[in-house]
Amino acid sequence: MRTLILAISLLCGCTAAMAAEVSGVFIDNQIKTSSGQTLLLNGAGLREKFWVDVYVGSLYLAQKSDDVTRILSTHGPWRIQLDFVYKEVAEDKLLDSWREGFEQNQSAEALQKLQPHIDTFYGFFDNSAVAKDRFRFDYLPGSGTAVSKNQQILGVVPGKDFSNALLEIWLGNHPADKDLKKAMLGL
């Protein structure tokens with residue numbers, strides 16, 4: 001009987017160690033892409049604005065890294081996952097935050113080149129984000145960046161250049177939240 005209890009305890013302990021928890025959101029340590037490749041949780045943290053918890057951001061990579069240049073130059077798949085914890089973020093606030101992230105991390109020339117893809121991306125957000133909404137941005141080489149909300153695909157934006165610009169919203173020189181950047185980089 002003791003052996004059974006010990007085995008169950010160890011199994012429960014292992015299961016708890018298999019996931020991270022940030023602000024009440026449980027995050028998988030690894031995921032599978034649609035093509036079956038395993039991505040590892042690189043890091044996760046909380047996006048705060050004016051002392052308000054907005055969402056938990058998670059970064060998944062094929063190989064863990066804290067080097068932004070290396071992450072941006074890798075041609076493999078990745079995922080950014082946003083789990084909203086704030087009661088509601090209005091559509092215009094969400095779009096303003098994406099816009100600010102693109103503008104602060106891209107040159108005017110790069111923005112002009114990316115604008116059609118950025119406009120496609122903006123078109124996927126036609127309502128507010130509320131607590132428990134989950135957005136996923138999955139870059140799959142050769143396909144582009146798939147955008148989904150609550151496991152419903154909203155669309156795909158082509159191009160590695162767009163995927164890097166999207167990553168830079170969180171990992172660029174002017175990230176949405178410096179503490180979140182550090183957390184997503186596993187620092």
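Residues numbered from 1 in each chain as written. Predicted model: local features only at pLDDT ≥ 70, side-chain atom pairs only at ≥ 80, totals over all residues. Heavy atoms only, no water.

Novice: Just to check I follow, could you spell out the side chain of Gln-106 for this structure?
Specialist: With respect to the helices and strands, Gln-106 occurs in the loop between α3 (91-105) and α4 (108-122). A polar side-chain atom of Gln-106 sits 2.6 Å from a polar atom in the side chain of Glu-168. Apart from the residues lying within four places of it in its own chain, the contact partners of Gln-106 are Leu-111, Leu-114, Ala-165 and Glu-168. (Helix = DSSP H or I, 4+ residues; strand = E, 2+ residues; numbered from the N terminus. Polar contact = N/O pair within 3.5 Å; in protein donor to acceptor, adjacent residues only side chain to side chain. Contact = heavy atoms within 4.5 Å.)

Novice: Can you walk me through the packing of α3 against helix α5 (residues 160-171) in this structure?
Specialist: Pairs of packed helices are described in terms of their axes, by the angle between the two and the distance that separates them. Remark: α3 packs on α5, axes separated minimally by 8 Å, with the N-to-C direction vectors making an angle of 105 degrees. Taken as axis vectors, α3 and α5 run roughly perpendicular relative to one another. When α3 is examined against α5, the residues Trp-98, Gly-101, Phe-102 and Asn-105 are found in contact with a partner set consisting of Phe-162, Ala-165, Leu-166, Glu-168, Ile-169 and Trp-170. Here the residues of the contact of α3 with α5 sort into 7 nonpolar, 2 polar and 1 charged. (Axes fitted to C-alpha atoms, helices over the stretch in contact; angles between N-to-C directions. Parallel < 35°, antiparallel > 145°, perpendicular 65-115°, else oblique. Nonpolar A, V, L, I, M, F, W, Y, C, P; charged D, E, K, R; others polar.)

Novice: Could you clarify how one ought to interpret the pattern of salt bridges in this entry?
Specialist: Side chains that differ in sign of charge can pair as their charged atoms come close. Under the counting rule described, the total for this entry stands at 6 salt bridges. Residues Arg-99 and Asp-96 are paired through a salt bridge, measuring 3.2 Å at the closest nitrogen-oxygen approach. Of this pair, Arg-99 and Asp-96 both sit in helix α3, separated by 3 residues, roughly a single helical turn. Owing to a relative accessible area of 30%, Arg-99 belongs among the partly exposed residues under this scheme. A salt bridge links Asp-133 to Lys-149; the nearest nitrogen and oxygen atoms lie 3.6 Å apart. Of this pair, Asp-133 sits in the loop between β8 (129-130) and β9 (134-140) while Lys-149 sits in strand β10 (residues 144-149); the two residues are 16 residues apart in sequence, bridging distant segments of the chain. Exposure class is identical for Asp-133 and Lys-149. Each is buried. (Salt bridge = Lys/Arg side-chain N within 4 Å of Asp/Glu carboxyl O. Buried < 20%, exposed > 50% of the residue type's maximum accessible area, 1.4 Å probe, protein only.)

Novice: Just to check I follow, could you spell out the nonpolar core for this structure?
Specialist: Where a protein is soluble and globular, its nonpolar side chains tend to be buried together. Ranked by size, the top nonpolar core spans 39 residues in total, and within it Trp-98, Phe-102, Phe-121, Phe-125, Phe-137 and Trp-170 carry the most contacts. Elements with a minimum of two residues in this core: β5 (52-61), α2 (68-73), β6 (78-84), α3, α4, β9, α5 and α6 (178-184). Residue contributions to this core peak at 7 residues, all from α5. Val-22, Leu-41, Leu-46 and Tyr-60 belong to the second largest nonpolar core, which has 10 residues in total. (Core = buried A, V, L, I, M, F, W, Y, C linked by side-chain atoms within 4.5 Å.)

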